Amino acid sequence: MTVERLGELLTEVFGHESFRPHQEAVCRAVVEGRDGLLVMPTGAGKSLCYQLPGLARGGTTLVVSPLIALMEDQVAKMQALGLAAERIHSGRDRGASRQVCLDYLAGRLDFLFIAPERLSVPGFPEMLARRTPALVAVDEAHCISHWGHDFRPDYRLLGARLPQLRPAPVLALTATATPRVQEDIAAQLGLVKPGRFIHGFRRTNLAVEAAEVPPSRRGALVAELLADPARRPAIVYTPTRKEATALASELKGEVRAVAYHAGMTARDRDDVQARFLAGRAEVIVATIAFGMGIDKPDVRTVIHTGLPGSVEGYYQEIGRAGRDGLPSRAILLHSWGDIRTHEFFLERDYPEAHVLGDVFRALKEAPVPTEGLAQLVPLEPDVFQKALEKLWVFGGAVITPEGDVSRGKDGWQRAYDEQREHRKTQLVLMRRFAEGPICRMLQLVRHFGDEEDDGAPCGLCDVCAPGDGLAADTRRTTPMEEAALRRALELLRPRDGQTTGQLHAEVVRQFPAVDRRAFEELLGGLVRAGLARLEDDAFEKEGRVIRFRRVFLTGAGSRPGAAVEARVAVPPPSTTKARKAKGAGPKRERLPKLPIPKPSAGRPSLPHGGARGKPGPEAPGALPALVDALRRWRLGEAKK
Ligand code: ADP
Ligand code: MG
């Protein structure tokens, strides 16, 4: 297969004039029969990297894909190009699936899309193995790794099944994989000396903004931001289903908005998604269930109304903005209290190891039906389900193709605990991202270990271009704060690059009112004023990574007598008083051993009651009248 021939297919079959960056190199490697790992952002054109080599190699390309909608969409597109593409998934009837199998065995298909769970259907992998595919493509490959953010247990089946399909080369594709997840993908799929194509995390048309906004103000702010038609179409991500529904109806008066979440029926979801894709709805208010594989080029804005659970997920979500290359925005609204929603989800999705232990001890060597097992363990059905799923993932339980379960290996607990820790670390990193006054794009690029990146600040985000931000409220520093900052600059001049902790320890001697958190906030003001920059650093201690930041002066900051005209984020109104009056500060973090700074008196979360509709302990059952009364009281306190 010559390179010219690849170019010919590109124009003749796909109608593209030229390759996008990196596509050609990937296609060449795959045509030559090499395994590959391809990590490029959403919209970069990864699909072509298996479609083209698959055709060039001749025979059938098997594509593993995690979502039915995604599969249907891809198959329709390929059929429209005149290619013989088919799919087998749970949404199709037996007759149709059988016909597809016959076509596959007769060599009539260019592409066959399958859902990963098909691989556990008895006889199906054997059927596939009766022919050697030209290529196996694993799309959204990060789903195989529990170190990622979107783990799908079904993807684990792949590792055991792929050997039967060799010597076909295997290409794993994803838009979101940290170096650790990349390793995991390669190991789980048994990739053989894979070509690694890790490219292009930097987005040059995306202005990323993170702003601390109290939950009570977020809805109105979203409405205000999206009132400008130039900021639509837009995707708004909310932390919970309830908030998605509530915000969508709140917005409906102004714009054509729809809600999307996993609690809706598949048909309703398909319907609102189709409306959004076709432009009949301009705003989709969704949980993170929305968006995988979405190919809508003109999304102008992605807003998050709460802190996401991981930088990987966040990057994936904002990556859906501006795929057409035109200027776009990603706006993250967050505050300290957001962490509690995550604690709730973490407790739900990762039960404590002793809960898994209860299930593990009930398991026997001989497989039993799941229902029978459930009766032996006194757990809520949901909790039981989660615990069993996790046991399976970590090797403590074995699930037969018939759905029966038996006891697995002993060593699951260590891996499971490590995984729980990892989830918490992801949250810590996400918070550092949101709070740190370091170029947002640069933080993202570094997070993914993009080695070819030049490391330059983006010039667009709220740190690089504070004046262009839309969401953050800022205020001038007080004379005392300004004096503290001047002192900080003085201290840095002889000793640049101090850690923020060291610097604070010095400054606080003279300015005892400036606590650590307030100081970090002030440093943000220095950065935004162009006088300093911060850098992440870390060291390892007793097997744990301790993260911290260093402060460096810029050229302007190092000039003695530089005017300090810093602006800082406005703290949430009245919180200090509300807390004192009610004694209702945030509960201490229930995440043990986490290097999360303690909330200072200035930053407690508001007593939001059920207003946000989040599933935390305070949400259900709160009477609207009571919530209203509390709100009025709080407002009164604030005015005082
Ligand atoms: P990804 O999977 O990386 O998110 P897709 O494979 O869905 O991205 O491609 C995104 C869009 O880019 C698709 O509409 C596709 O047709 C288009 N595309 C891919 N490669 C090219 C190319 N070489 N020239 C022009 N358009 C391309
Ligand atoms: Mg894709």
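Residues numbered from 1 in each chain as written. Chains lettered and ligands numbered in written order. Predicted model: local features only at pLDDT ≥ 70, side-chain atom pairs only at ≥ 80, totals over all residues. Heavy atoms only, no water.

## Let's talk about the sheet that holds strand β11 (residues 283-286)
Next, step 1: In spatial order, the strands read β8-β13-β12-β9-β11-β10; together these six strands make up an open sheet with parallel pairing. One side of each edge strand has no neighbouring strand; the edge strands of this open sheet are β8 (206-212) and β10 (257-260). Taken pair by pair, the neighbouring strands of this sheet meet at an average axis angle of 15°, ignoring direction.
Next, step 2: Running over the sheet, helix α12 (residues 311-318) touches β8, β9 (234-237), β12 (301-304) and β13 (328-334) and is turned about 150° from β12. (Pairing = 2+ DSSP bridges. Helix = DSSP H or I, 4+ residues; strand = E, 2+ residues; numbered from the N terminus. Axes fitted to C-alpha atoms, helices over the stretch in contact; angles between N-to-C directions. Contact = heavy atoms within 4.5 Å.)

## Side note on the site of ligand 1
Next, step 1: Taken together, 14 residues form the shell around ligand 1, and within it S18, Q23, G43, K46 and S47 come nearest.
Next, step 2: The contact in question runs from an oxygen atom of ligand 1 to an N or O atom on the side chain of D295, over 3.1 Å.
Next, step 3: Contact with the protein chains removes 73% of the 570 Å² of surface that ligand 1 exposes when unbound.
Next, step 4: Of the residues in the shell around ligand 1, the class split is three nonpolar, seven polar and four charged. (Near = heavy atom within 4 Å. Polar contact = N/O pair within 3.5 Å; in protein donor to acceptor, adjacent residues only side chain to side chain. Areas by Shrake-Rupley, 256 points an atom, 1.4 Å probe, with all protein chains shown as cover. Nonpolar A, V, L, I, M, F, W, Y, C, P; charged D, E, K, R; others polar.)

## Here's the deal with the sheet that holds strand β7 (residues 195-198)
Next, step 1: Read across the sheet, seven strands follow the order β3-β4-β2-β5-β6-β1-β7 without closing on themselves; strand pairing throughout is parallel. Where the open sheet ends on each side, the last strands, each with one partner, are β3 (85-88) and β7. On average, each strand axis in the sheet is tilted by 15° relative to the strand beside it, whichever way the strands run.
Next, step 2: Note: strand β1 (residues 36-39) against β7, four bridges, orientation parallel. Residue pairing in the sheet places L38 in a bridge with F197 of β7.
Next, step 3: With respect to the sheet, helix α2 (residues 23-31) is in contact with β1, β5 (135-138), β6 (170-174) and β7, its orientation differing from that of β7 by roughly 160°.

## Description of the environment of R487
Next, step 1: Looking at the element boundaries, R487 is found in helix α19 (residues 479-492).
Next, step 2: The class of R487 is partly exposed, set by a relative accessible area of 22%.
Next, step 3: Distance from R487 to Q510, taken between C-alpha atoms, is 8.8 Å for residues 23 residues apart in sequence.
Next, step 4: Side-chain polar atoms of R487 contact the side chain of E490, separated by 3.0 Å. (Buried < 20%, exposed > 50% of the residue type's maximum accessible area, 1.4 Å probe, protein only.)

## With respect to the packing of helix α17 (residues 412-435) against helix α18 (residues 440-447)
Next, step 1: Put simply, α17 and α18 touch, their axes get as near as 9 Å, and they point 155° apart. Relative to α18, the element α17 lies roughly antiparallel. Both α17 and α18 take part in a crossing whose hand is right-handed. For the pair α17 and α18, contact is made by L429, R432, F433, A434 and E435 and by R440, Q443, L444 and H447, respectively.
Next, step 2: Looking at side-chain class alone, the contact of α17 with α18 contains four nonpolar, two polar and three charged residues. (Parallel < 35°, antiparallel > 145°, perpendicular 65-115°, else oblique. Left-handed = near helix turned anticlockwise from the far one by under 90°.)

## A short note on the packing of helix α14 (residues 353-362) against helix α16 (residues 381-393)
Next, step 1: α16 packs onto α14 with a crossing angle of 80° between their chain directions and a minimal axis gap of 9 Å. Considering the angle they form, α14 stands roughly perpendicular to α16. In this structure, α14 contributes V355, L356, V359 and F360 to the contact, and α16 contributes V383, F384, A387, L388, K390 and L391.
Next, step 2: For the contact of α14 with α16, the per-class residue count stands at nine nonpolar, no polar and one charged.

## What to know about the packing of aromatic side chains
Next, step 1: Following the criterion strictly, the structure yields eleven aromatic pairs and no others.
Next, step 2: Measuring from ring centre to ring centre gives 6.0 Å for F276 and F290, while their planes differ by 80°; the resulting arrangement is edge-to-face. In this pair, F276 sits in helix α11 (residues 266-277) while F290 sits in the loop between β11 and β12, placing the two residues 14 residues apart along the sequence. For the pair F276 and F290, one class covers both residues: buried.
Next, step 3: Here the aromatic rings of Y315 and F448 are separated by 4.9 Å at their centres, their planes lie at 55°, and the arrangement is tilted. (Phe/Tyr/Trp six-rings, centres within 6.5 Å; stacked < 30°, edge-to-face > 60°.)

## Some points on the pattern of salt bridges
Next, step 1: Taken as a whole and judged by the stated rule, the model has 42 salt bridges.
Next, step 2: With a closest N to O distance of 3.9 Å, R420 and E347 form a salt bridge. With R420 in helix α17 and E347 in helix α13 (residues 339-349), this residue pair connects regions lying 73 residues apart in the sequence.
Next, step 3: Residue classification places E347 among the partly exposed positions, given a relative accessible area of 35%.
Next, step 4: Close ionic contact of D536 with R432 constitutes a salt bridge, the shortest N to O distance being 3.2 Å. Of the two residues, D536 is situated in strand β18 (residues 532-541) and R432 in helix α17; the sequence distance between them amounts to 104 residues.
Next, step 5: Assessed through its relative accessible area of 19%, R432 is described here as buried.
Next, step 6: Salt bridges sharing common partners tie together E72, E86, R87 and R92. (Salt bridge = Lys/Arg side-chain N within 4 Å of Asp/Glu carboxyl O.)

## Concerning α19
Next, step 1: Across its 14 residues, α19 extends 20 Å between first and last C-alpha, which sits within 8% of the 20 Å expected from 1.5 Å per residue.
Next, step 2: Taken residue by residue, α19 has E481, E482, A484, L485, A488, L489, L491 and L492 as its buried positions. (Expected span 1.5 Å × (residues − 1).)

## Structural notes on the side chain of Q498
Next, step 1: For Q498, the position within the fold is in the loop between α19 and α20 (500-510).
Next, step 2: According to the relative accessible area criterion, Q498 is buried, its value standing at 4%.
Next, step 3: A polar side-chain atom of Q498 sits 3.0 Å from the main-chain carbonyl oxygen of L491.

## Some points on the nonpolar core
Next, step 1: Within the largest apolar cluster, 100 residues are counted, with the highest numbers of intra-cluster contacts made by L112, L128, I185, L189, F290, Y314 and F433.
Next, step 2: Broken down by element, this core gets its largest block of residues, six residues, from α19.
Next, step 3: Setting aside anything within four residues of it in sequence, one finds L112 in contact with T60, T61, L62, V63, E86, R87, I88, V100, Y104 and L128.
Next, step 4: Counting residues in hydrophobic clusters, the runner-up holds 33 residues, among them A56, A85, F113 and F197. (Core = buried A, V, L, I, M, F, W, Y, C linked by side-chain atoms within 4.5 Å.)

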